[in-house]
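So you can see what is in the structure, the chains are spelled out below.
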Amino acid sequence: MKAPISSTRCPLCEASAFKTINETDLICSECSFVVTGPEKIADERVKDHSQSSPVSDTTIGEWQDNVDVRDSSDGVLVEMIATAEEFVRTLGGDTDDCINTAEILAEAWQSQYFQGRSVSVGIASVIYATFRRQKSPRPLGIVAETCKISDQQLRTGYRALRTDYNVHSEITPTASYLPFLRSQLGLDEAAEQRAKELLSAGAGVTGSPTSIASACIYLAAKEQGQSVTLAETGAACGISKETVWKKTQEITN
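The present account deals with the structure reproduced in this document.

Basis of the calculations
Residues numbered from 1 in each chain as written. Predicted model: local features only at pLDDT ≥ 70, side-chain atom pairs only at ≥ 80, totals over all residues. Heavy atoms only, no water. Helix = DSSP H or I, 4+ residues; strand = E, 2+ residues; numbered from the N terminus. Expected span 1.5 Å × (residues − 1). Buried < 20%, exposed > 50% of the residue type's maximum accessible area, 1.4 Å probe, protein only. Arc of directions from axis to C-beta. Contact = heavy atoms within 4.5 Å. Core = buried A, V, L, I, M, F, W, Y, C linked by side-chain atoms within 4.5 Å. Pairing = 2+ DSSP bridges.

Let's talk about helix α9 (residues 189–201)
Between its first and last C-alpha atoms α9 spans 19 Å; for 13 residues at 1.5 Å apiece the expected length is 18 Å, and the two agree. Within α9 the residues assigned to the buried category are A191, E192, A195, L198 and L199. Each buried residue of α9 sits inside an arc of 120° when the element is viewed along its axis, so together they form one side. Exposed side chains of α9 directed beyond 90 degrees from the buried face belong to E189, S200 and A201. Contact partners of the buried residues in α9: α8 (178–185), α10 (209–223) and α12 (241–252).

Structure representation (structure tokens):
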């Protein structure tokens, strides 16, 4: 939802300090909410630059150092890419994940996805979408926590990114969460393989893929005598230990 421009206050945090981008848009200096001006003025120079700015085949950091920042709008995009790279690395992503995130960010920025939306929510939504498209998803709660936003903010931002800006992803298989959870819990490949077997055996169990995956990896670790608690498993998945325990009961029954 795009917010009308306010002469004095940000509609999200009510701060009064803004920075102008794209000549008619403002970005709040306090919360990074992008406020849409009364009329968008086309700037083909900026548009062409957004389309042609190269993404390095090595690291986003090198691309950021070399890109020609022509105005404040491009500067904001470069800052967003740098922030996103830090989050992607924190979430265990590699260089390909960083590059794909940068590409989607640039496309979303050019498509005005960020107008009327907090930059932090937009970045988190793009990162969440990138990992899903790479078939190495990260739990929604973990992405939200890493990017310092709420789960609901991420759900809303991702939904808009997926439906309004043609960023689609296939249904994410529950098993695709297991490699990340195994890594977070410091388990071996045998635990992941056993978790996959438990997942197949409990095919009738319903619920969120992340909660089911967490229960399977917890049960697999316990079978192998590895020291993993419900709380640690829940934290690795961004859910409560009670949720993990309930799913383990459904699977074992």
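Having put the structure on the table, let's press on.
Comments concerning unusual backbone geometry
For Q112, which is not a glycine, the phi torsion comes out positive at approximately 65°. In this fold, Q112 is placed in the loop between α4 (95–110) and α5 (119–133). The exposure class assigned to Q112 is partly exposed, which follows from its relative accessible area of 25%.

Quick look at the environment of Q226
One can find Q226 in the loop between α10 and α11 (230–237). Sequence-wise, Q226 and A191 are 35 residues apart; in three dimensions their C-alpha atoms are separated by 9.1 Å.

Concerning the nonpolar core
If you look at the biggest cluster of nonpolar residues, it comprises 64 residues, and the most contacted ones within it are F114 and I127. Apart from residues lying up to four places away in sequence, F114 is in contact with V34, M80, L105, A108, W109, V119, G122 and I123. Grouped together as the second largest cluster of nonpolar side chains are six residues, A15, L26, C28 and F33 included.

Quick notes on the pairing of strand β2 (residues 25–28)
Both faces of β2 are covered, namely the face carrying D25 and I27 and the face carrying L26 and C28. Across four bridges, strand β1 (residues 18–21) lies against β2 in antiparallel orientation. Among the inter-strand pairings, F18 is bridged to a residue of β2, identified as C28. Judged from the two bridges that link them, β2 and strand β3 (residues 34–35) form a sheet pairing that is antiparallel. Paired with I27 across the bridge in β3 is V34. Here β2 folds back onto β3, and the loop between the two strands holds five residues, one of which, S32, carries a positive phi near 65°.

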